[in-house]
Amino acid sequence: MLCTLLLSISALGWQGCSDKSAETGDLPILGERQLVQREVDGQQVTDTVYHRIPDFAFINQDSQVVTSLTVQDKVYVTDFFFTTCPTICPKMKSQMLRVYEEFKDEPRLMLLSHTIDPKHDTVAVLRDYADRLQVSSDKWHFVTGEKDSIYSIAMQYMVTALEDEEEPGGFVHSGAFVLVDQNRHVRGIYDGTDPAQVDRLIRDIPALLPKKKKKKDADKN
Amino acid sequence: MRIKTKLLPLAGGIAALLTLTQCFTDKQNEGERLYTQYCANCHMDDGSGLRNLIPPLAGADYLVNHRDDLACIIQHGQTGNIVVNGKNYNQGMPAFEHLNKGQITNILNYVQTNFGNSNPRFSIQEVEKQLFKCRHLLEQ
């Protein structure tokens, strides 16, 4: 049941990541939506309420609190991993590094990686991990927190994350990269282990960043 | 009649040669296949590793300086600080206890002769000898 749901959402995501949509800035809002009826001047109108990532609060590699305010007015890419992961995580991180390098000088884009093993991945462990990846903590937050909050926010991002002793490393998790806009709406889900899908993510991100005012206009006086 | 009997060993030789090369290419493929399955997640498809987290296999001095430890590293994993090409790594590599000596030989030969590496190959006897040194780790 959960599986089919995830699959259909991912399918939507991929459809939304075609070249055409990147050009037009027309990435769909993913997730469940509700139709709400209300009356305006005696007329029935229907509003669509989109799935939105709820408020959150975690701690990053600098022991700083990272909340929904940290990502306010930002576009961000998020994923779920753990530092001792014997399987796909290093590949995901090498792909996330591509996104990092590509948007290094774009302050409106942030990266947010959640550990799903908060027991092992303390602030100090995450600090060491980020240092070894040689990335800056203003741009790329590695966060930990209450286990339940991490697992429940994963569901909000439509990402699978489960504890399972049978799995290598003790956790099942998907390698998804989730693209979230300034209103905390999910705009795309990409396989973070697949360079071609990450290419698409890199092409989709600018569609969510409003074009900067032309220098000419700004200089006008 | 006579010609035929003369040709027979030749045909046999060719057949043997064919199976032999077949066998070699299969082994080569097995090394690559196992590498992709078990190692590439961390060390990457091109053996480049991941910044200061995961050491490279491409051009790694470790493969030469610690040649005698390589089979045991694969079979039993590796923890603690190590230095590869002058950089420190300390992340921990998992054990692959289910791989047999033939598979380990094939993986090592793939690593030693790819990613720009041209280190001497391993024989299965050499791998066997290395594994004998760390066999006590299996009984834990």
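A brief report on the enclosed structure follows. This is a predicted model, so every value here is computed, not measured.

To continue, consider the sheet that holds strand β5 (residues 75–81) of chain A. Residues and elements named next belong to chain A. If you walk across this open sheet you meet the 5 strands as β7-β6-β5-β10-β11, and the pairing is mixed. Looking along the sheet, the strands with just one partner apiece sit at the ends: β7 (140–143) and β11 (186–191). This sheet shows a mean twist of 20 degrees between the axes of neighbouring strands, independent of strand direction. Two strands pair when backbone bridges link them, and strand β10 (residues 176–180) and β11 are joined in this way by 5 bridges, in the antiparallel orientation. Each bridged residue has a counterpart across the sheet, and for A176 the counterpart in β11 is D191.

Here we take up the packing of aromatic side chains. All names here are of chain A. Applying the stated criterion across every chain yields a total of 12 aromatic pairs over all chains. Here the aromatic rings of Y76 and Y157 are separated by 6.3 Å at their centres, their planes lie at 90 degrees, and the arrangement is edge-to-face. Of this pair, Y76 sits in strand β5 while Y157 sits in the loop between α5 (147–156) and β8 (161–163); the two residues are 81 residues apart in sequence, bridging distant segments of the chain. Under the relative-accessibility criterion, Y157 is labelled buried at 0%. Between Y100 and W140 the ring centres are 5.9 Å apart and the planes differ by 40 degrees, which places this aromatic pair in the tilted class. A residue pair is termed long-range when its members are at least 10 positions apart, and Y100 in helix α3 (residues 89–102) and W140 in strand β7 qualify at 40 residues. Both residues of the pair, Y100 and W140, count as buried. Site record: aromatic cluster; members linked through ring pairs are F81, Y100, Y129, W140 and F142.

Here we take up the packing of α3 of chain A against helix α6 (residues 195–208) of chain A. Residue and element names in this part refer to chain A. Between α3 and α6, whose axes approach to 10 Å, the crossing angle comes to 25 degrees. Judged by the inter-axis angle, α3 sits roughly parallel to α6. Note on packing geometry: the crossing formed by α3 with α6 is right-handed. In this structure, α3 contributes Q95, R98, V99 and E102 to the contact, and α6 contributes P195, V198, D199, L201, I202 and I205.

To continue, consider α3 of chain A. All names here are of chain A. With 14 residues, α3 ought to run about 20 Å at 1.5 Å a step, and its terminal C-alpha atoms sit 20 Å apart, in line with that. Within α3, 11 of the 14 residues are buried, leaving the element largely enclosed by the surrounding structure. Those residues of α3 that sit buried are C89, P90, K91, M92, K93, S94, Q95, M96, L97, V99 and Y100.

We now examine the environment of G86 of chain B. If you trace the backbone, G86 of chain B turns up in the loop between β1 (82–84) and β2 (87–89). Distance in space between the C-alpha atoms of G86 of chain B and G102 of chain B is 31 Å, their sequence separation being 16 residues.

Each disulfide is one covalent bond, formed between the sulfur atoms of two cysteines. All names here are of chain B. Taken as a whole, this structure holds 2 disulfides over all chains when the rule is applied. What pairs with C72 in a disulfide is C134, and their sulfur atoms sit 2.0 Å apart. Looking along the S-S bond of the C72-C134 disulfide, the torsion reads about -90 degrees, which is the left-handed sense. On the criterion of sequence distance, the pair formed by C72 in helix α3 (residues 70–76) and C134 in the segment after α5 (124–133) is long-range, its members being 62 residues apart. With a relative accessible area of 14%, C72 lands in the buried category.

Cut-off values and rules
Residues numbered from 1 in each chain as written. Chains lettered and ligands numbered in written order. Predicted model: local features only at pLDDT ≥ 70, side-chain atom pairs only at ≥ 80, totals over all residues. Heavy atoms only, no water. Pairing = 2+ DSSP bridges. Helix = DSSP H or I, 4+ residues; strand = E, 2+ residues; numbered from the N terminus. Axes fitted to C-alpha atoms, helices over the stretch in contact; angles between N-to-C directions. Phe/Tyr/Trp six-rings, centres within 6.5 Å; stacked < 30°, edge-to-face > 60°. Buried < 20%, exposed > 50% of the residue type's maximum accessible area, 1.4 Å probe, protein only. Parallel < 35°, antiparallel > 145°, perpendicular 65-115°, else oblique. Left-handed = near helix turned anticlockwise from the far one by under 90°. Contact = heavy atoms within 4.5 Å. Expected span 1.5 Å × (residues − 1). Disulfide = S-S within 2.5 Å.

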